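# Breakdown of the fold
These are the residues of each chain, in order.
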Amino acid sequence: MARKIIIDTDPGQDDAVAILLALGSPELDLLGLTVVAGNVPLARTAGNARKVLELAGRRDIPVFAGCDRPIRRRLVTAEHVHGASGLDGIELPEPTMPLQSAHAVDFIIDTLRSHDPGTVSLVPIGPLTNIATAFQRAPDIIARVQEISLMGGAYFEVGNITPAAEFNIHVDPEAAAQVFASGAEITVLPLDVTHKALTSRAWVERMRRLGRIGEAVASWTDFFERYDREKYGSLGAPLHDPCAVAWLIRPDLFAGRFINVEIETEGTYTTGMTVADWWGVSGRAPNATFIRDVDAGGLFDLLSERIARL
Ligand code: RIB
Ligand code: CA
């Protein structure tokens, strides 16, 4: 029986690859995409989500627009990383499939309420505004969530948008704090692991030979890589968001610990930091599986094999 998931996303080149991985994996049943403001404003992320689905020939997957700003703060976007469109690297046609009329938060609530408890997982790969808003509005759904597999946070790798904070958490720290305090089963794929999921030239060229979809993945990666190359001097682009999907398909590729993770919401310099108690010194109860390592070769083989199926 395929695992039912909702991907909550702010496409984003790496979000796009994560969505394609989910579509190419029979282990997963993608019930819908809920879109949030993040890398670029909501209007663009809502369009980008539909562009990716139409690229993959999957107009059947419903797309729901969600929150257009964080719970309390002004929106911070990342055009400097993803380009003005959020999907720079290749021109895709404007989407023709419609947005659903329902709000993303209502779709999350209604889907969790209409499926048996423990049968739907949430895969947030952008700021956690939609998820926290759904939990606030309908606390009964929290116990019905099978697992939250989220890309966000950092600890040993520290931040990418500030010295202390990773982008998804930084954009809406109040939302993240609510999700981490919710009691739901959470697996965190932070920068500590995603910075080990670096594309190689050989893999990108292998993608480019896969036809239309592979060409898009290669072009997105070429664009996305320039930022990390300039900043970290790294060879290759970190495919952050696909890690949150790959965890649900092949958890054996990853390693981490069940620890306490708190979100700083009031620090002068540290707001948005995921305070991960890796060494268990705080005495605070563990609330998340914090992933630190990945078999990168196995991850990229999985990506190649699944994207080739589309
Ligand atoms: O920090 C990386 C995260 O921020 C990824 O989800 C990327 O898409 C951006 O949203
Ligand atoms: Ca993202």
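For the structure, check the block above.
Notes on the structure in this doc start here. (Residues numbered from 1 in each chain as written. Chains lettered and ligands numbered in written order. Predicted model: local features only at pLDDT ≥ 70, side-chain atom pairs only at ≥ 80, totals over all residues. Heavy atoms only, no water.)

## A closer look at the site of ligand 1
Ligand 1 sits among 13 residues. The nearest are Asp 14, Asp 15, Asn 160, Glu 166 and Asp 241. Take Asn 160: an N or O atom from its side chain is 2.8 Å from an oxygen atom of ligand 1. Within the side chain of Glu 166, one N or O atom sits 2.6 Å away from an oxygen atom of ligand 1. Across the complex, the protein chains shield 97% of the 280 Å² of accessible surface that ligand 1 would expose by itself. Listed by contribution, the elements that provide at least two residues to the shell around ligand 1 are helix H1 (13-23) and helix H6 (167-171). Class assignment of the residues belonging to the shell around ligand 1 gives a composition of three nonpolar, five polar and five charged. (Near = heavy atom within 4 Å. Polar contact = N/O pair within 3.5 Å; in protein donor to acceptor, adjacent residues only side chain to side chain. Areas by Shrake-Rupley, 256 points an atom, 1.4 Å probe, with all protein chains shown as cover. Helix = DSSP H or I, 4+ residues; strand = E, 2+ residues; numbered from the N terminus. Nonpolar A, V, L, I, M, F, W, Y, C, P; charged D, E, K, R; others polar.)

## Regarding the coordination of the calcium ion (ligand 2)
Geometry reference: four tetrahedral donors at a metal, ideal angle 109.5 degrees. Six octahedral donors, ideal angles 90 or 180 degrees. Of the protein atoms, only Asp 10 (OD), Asp 15 (OD), Asp 15 (OD), Ile 125 (O) and Asp 241 (OD) coordinate the calcium ion (ligand 2), at distances of 2.2 to 2.6 Å. Counting gaps between the donor residues of the calcium ion (ligand 2) yields the pattern D-x4-D-x109-I-x115-D. Taken together, the residues span a long stretch of sequence, with Asp 15 in helix H1 and Ile 125 in the loop between strand E4 (120-124) and helix H5 (129-137) at a distance of 110 residues. A relative accessible area of 0% places Asp 15 in the buried class. (Donors = N, O, S within 2.8 Å, 3.2 Å for Na, K, Ca; no water. Buried < 20%, exposed > 50% of the residue type's maximum accessible area, 1.4 Å probe, protein only.)

## Details of the environment of Thr 271
In this fold, Thr 271 is placed in the loop between strand E8 (261-263) and strand E9 (274-276). By relative accessible area, Thr 271 is classed as buried at 14%. Spatially, the C-alpha atoms of Thr 271 and His 170 are 6.9 Å apart, while their sequence positions differ by 101 residues. Thr 271 has contacts with Arg 73, Ala 165, His 170, Pro 173, Glu 264, Thr 265 and Glu 266, leaving out every residue within four places of it along the chain. Of note is the side chain of Thr 271, whose polar atom sits 2.6 Å from the backbone oxygen of Gly 267. (Contact = heavy atoms within 4.5 Å.)

## Comments concerning the nonpolar core
Within the largest apolar cluster, 61 residues are counted, with the highest numbers of intra-cluster contacts made by Ile 7, Trp 220 and Phe 254. Looking at this core element by element, the count peaks at eight residues for H1. Setting aside its immediate chain neighbours within four residues, Ile 7 contacts Ile 19, Ala 22, Leu 30, Gly 32, Leu 33, Thr 34, Val 123, Ile 125 and Val 245. In this structure, Phe 64, Leu 122, Ala 132 and Phe 180 belong to the second largest nonpolar core, which totals 38 residues. (Core = buried A, V, L, I, M, F, W, Y, C linked by side-chain atoms within 4.5 Å.)

## Some words on the environment of Arg 209
Within the secondary structure, Arg 209 is located in the loop between helix H9 (201-208) and helix H10 (212-232). Since its relative accessible area comes to 64%, Arg 209 is described here as exposed.

## Here's the deal with the sheet that holds strand E6 (residues 186-189)
A sheet is described by the order of its strands in space; here eight strands give the open sequence E3-E2-E1-E4-E5-E6-E10-E7, paired in mixed fashion. Two strands close off the open sheet at either side, each with one partner strand: strand E3 (63-65) and strand E7 (254-259). On average, each strand axis in the sheet is inclined to that of its neighbour by 25 degrees, with strand direction left out of account. Pairing of E6 with strand E10 (residues 288-294) involves two bridges; the strand directions are parallel. Looking at E10, one finds that Val 188 is bridged to Phe 290. (Pairing = 2+ DSSP bridges. Axes fitted to C-alpha atoms, helices over the stretch in contact; angles between N-to-C directions.)

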